[in-house]
Amino acid sequence: MQVYNFSAGPAVLPREVLQKAAAELVAYGDSGQSVMEMSHRGADYEAIHKGCESLLREVMAIPDNYKVLFIQGGSHMQFEMIPQNLRKVGKADFVVTGQWAGKAYSEAANYLEAKLIVSSKDKTFSYIPELDKSAFTPDADYFHICQNNTIFGSRFVDLPDTGSVPLVSDMSSCILSEPVDVSSFGLIYACAQKNMGPSGVTVVIVREDLIQDFEGANAARGHVPTMLRYKTYADNDSLYNTPPTYSIYMCGLVLEWVKSNGGLAAMKERNEKKAALLYNAIDSSALFSNPVAKKDRSLMNVTFVTGNAELDKKFIAEAKSAGLVNLGGHRSVGGMRASIYNAMPLEGVQALVDFIEKFDKENK
Ligand SMILES: *Cc1c(COP(=O)(O)O)cnc(C)c1O
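Position numbers for residues start from 1 in each chain and track the written sequence from start to end. Only residues with pLDDT of at least 70 get local features here, since the model is predicted, and only at 80 or more are side-chain atom pairs given and counted; chain-wide, interface and lining totals rely on the full set of residues. As a convention, hydrogens and water are excluded, and side-chain values are obtained from all of the structure's heavy atoms.

Participant: Looking at this structure, I do not really get the environment of Asn261. What am I missing?
Facilitator: Here Asn261 shows up in the loop between helix 6 (245-260) and helix 7 (263-283). For Asn261, a relative accessible area of 32% puts it in the partly exposed group. Sequence separation of Asn261 and Val118 is 143 residues, and the distance between their C-alpha atoms is 38 Å. In this view, Asn261 contacts Ala266 and Met267; residues no more than four positions away in its chain are not counted. Secondary structure elements follow DSSP: runs of H or I no shorter than four residues count as helices, runs of E no shorter than two count as strands, and numbering proceeds from the N terminus. For every residue, the accessible area obtained with a 1.4 Å probe (protein chains only) is divided by the maximum for its type, and the residue is called buried under 20%, exposed over 50%, and partly exposed between those limits. Residues count as neighbours in contact if any of their non-hydrogen atoms are within 4.5 Å of one another.

Next comes the structure, spelled out in structure tokens:
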């Protein structure tokens, strides 16, 4: 059965990518081996590894003074690695706009003085708060935001102006969804399983001068485990130990797909069109509403509720029977959430919109 998968992550991948991976599964090129069976030190894998990095650099226009690192442990591990690696003065600022932003803040507090600039918890994270620049720590090691709030369905449309303090962005659920100016960030990180590939790899894009050494004369900076140092990955092209080879291969295929479909400008146009279609259906329905401030609505994760938990359940069940799957909201908030990442075709969103209209008529 053909379904449209609205999962927040691991999430839908482009069908063409899955078909290509299937065709190459048993024997990649003329290697006679599956990518899963290859040595990570061999020439075939090396080309895949370097190819993925160079495609990401091309698609995102990553400047030369940024390193691209492939790390395991998900975005959660970045909540731990970022404070340990970026710590100099020992202070960082945080905007808490959802659960992931909150975790980045609370984990960092184990390693440095973490300052909460503002939180939108007062209204269950339904908006992006105004930022008072006078509250920013002028000598902070970094300023952290979660750019797209996967669970609550909000996003930063405008970035905070942090001056010379490096801006660190969790782009797990919005990377590759629109063009970004990498040079306005100190560090960008994103686990792959939302918009870039399967789970298993997390991409870190970090300005070179922020990568610190913790050896020899620099040992006084404190001990950071070898596998948790950005320097370990940067010095070894993310091949210090065995990287998640198959996940990196799949990310490469997704990046090829993004490129051949017009790159990030085209992704943005498609994503805006899909999101507008869906928000419009929700706004013009009698039953459904989206709780997020209009100006802050996510292009990737669209949350909606009827206000009646039983009716929400009925919607999710009937949608599933109609081939529209994984529409339940995050387990912490309930309601519905449609994740409409790059790989969700317009037809999938249209099918959901048609279903919303039908359900609305039948149940109001
Ligand atoms: C999914 C997600 C995470 C957590 O990612 P893991 O890979 O499960 O650690 C963190 N931040 C954001 C914005 C996410 O969407």
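Participant: What is the right way to look at helix 6 in this model?
Facilitator: In an α-helix, one turn spans 3.6 residues; hence positions three or four apart end up facing the same way. Any helix carries an expected span of 1.5 Å times its number of residues minus one. The end-to-end C-alpha distance of helix 6 is 23 Å, a good match for the 22 Å that 16 residues give at a rise of 1.5 Å each. Listing the buried residues of helix 6 in full gives Thr245, Ser247, Ile248, Tyr249, Met250, Cys251, Gly252, Leu253, Val254, Leu255, Trp257 and Val258. Two residues or fewer past helix 6, Gly262 is found with a positive phi of approximately 105°.

Participant: Would you explain the pairing of strand 8 (residues 167-170) in this entry?
Facilitator: Within a regular strand, the side chains alternate between the two sheet faces. Side chains Leu167 and Ser169 project from strand 8 onto one buried face, and the interleaved Val168 and Asp170 project onto a second face that is buried too. Any two strands between which DSSP finds at least two bridges are classified as paired. Relative to strand 8, strand 5 (residues 142-146) runs parallel, the two being bridged by 4 bridges. Bridge assignment links Cys146 to a residue of strand 8, and that residue is Asp170. Here 3 bridges tie strand 8 to strand 9 (residues 187-191), and the two strands are oriented parallel to one another. Opposite Ser169, over in strand 9, you have Ile188 as the bridge partner.

Participant: Whenever I open this one, the packing of aromatic side chains confuses me. Can you help?
Facilitator: Ring pairs (aromatic) are described by centroid distance and by the angle formed between their planes. Any pair of Phe, Tyr and Trp rings, taking the six-membered ring for Trp, is counted once the centres come within 6.5 Å. Such a pair is stacked with planes under 30 degrees apart, edge-to-face with planes over 60 apart, and tilted for the rest. Tallied over the entire structure, the rule returns 14 aromatic pairs. Pairing Phe94 with Tyr105 gives two aromatic rings, centres 5.5 Å apart and planes at 50°, and the pair type is tilted. Placement of Phe94 in strand 3 (residues 91-96) and of Tyr105 in helix 4 (residues 99-108) is noted, with a sequence separation of 11 residues between them. You can call Phe94 buried: its relative accessible area is 0%. Members of the aromatic cluster, connected to one another through ring pairs, are Phe288, Phe304, Phe315, Phe355 and Phe359. Any Lys NZ or Arg CZ found within 6 Å of a ring centre and within 35 degrees of that ring's normal is scored as a charge over the ring. One residue, Lys123, lies across the ring of Tyr127, its end atom 5.4 Å from the ring centre.

Participant: Looking at this model, I keep getting lost on the side chain of Lys194. Mind explaining?
Facilitator: Topologically, Lys194 is positioned in the loop between strand 9 and strand 10 (202-207). In this count, Lys and Arg are taken as positive residues and Asp and Glu as negative ones, while His and the chain termini are left out. Any Lys or Arg side-chain nitrogen found within 4 Å of a carboxyl oxygen on Asp or Glu counts as a salt bridge. For Lys194, which is buried and forms no salt bridge, the nearest opposite charge comes from Asp170, at a distance of 7.1 Å. With near-sequence residues (within four places) excluded, Lys194 lies in contact with Ala8, Gly9, Ala11, Thr150, Ser172, Ser173 and Tyr341.

Participant: In this structure, what is going on with the site of the ligand? I would like to understand it.
Facilitator: Near the ligand you find 14 residues, and of these His76, Thr150, Asp170, Gln193 and Lys194 are the closest. Within the contact set of the ligand, a nitrogen atom lies 2.7 Å away from a side-chain nitrogen or oxygen of Asp170. Lys194 is positioned with one of its side-chain polar atoms (N or O) 2.5 Å from an oxygen atom of the ligand. Exposure was quantified through the Shrake-Rupley algorithm and a 1.4 Å probe, taking into account, for residues, occlusion by the shown protein chains and nothing else. Across the complex, the protein chains shield 88% of the 380 Å² of accessible surface that the ligand would expose by itself. Top contributing element to the shell around the ligand by residue count: helix 3 (residues 74-86), with 4 residues. Residues are grouped as follows: Ala, Val, Leu, Ile, Met, Phe, Trp, Tyr, Cys and Pro are nonpolar; Asp, Glu, Lys and Arg are charged; every other residue, Gly included, is polar. Grouping the constituent residues of the shell around the ligand by class yields 4 nonpolar, 8 polar and 2 charged. Nearness is judged by heavy atoms alone; a residue qualifies as near a molecule or strand once a single heavy atom is within 4 Å of it. Any pair of nitrogen or oxygen atoms within 3.5 Å is treated as a polar contact; in protein, a donor-acceptor pairing is required on top of that, and neighbouring residues in sequence qualify only through side-chain atoms on both sides.

Participant: How do you make sense of the nonpolar core when you look at a structure like this?
Facilitator: Side chains of nonpolar character tend, in soluble globular proteins, to be buried together. We call a set of buried Ala, Val, Leu, Ile, Met, Phe, Trp, Tyr and Cys residues a nonpolar core when their side-chain atoms join them within 4.5 Å. Core analysis: the largest hydrophobic core is formed by 84 residues, its most contacted members being Leu56, Ile205, Leu278 and Phe315. In terms of residue count, the dominant contributor to this core is helix 6 (9 residues). Beyond its immediate sequence surroundings of up to four residues, Leu278 is in contact with Val302, Ala338, Ile340, Val349, Leu352, Val353 and Ile356. One finds Phe79, Ala92, Ala108 and Leu210 within the second-largest nonpolar core, a separate group that totals 25 residues.

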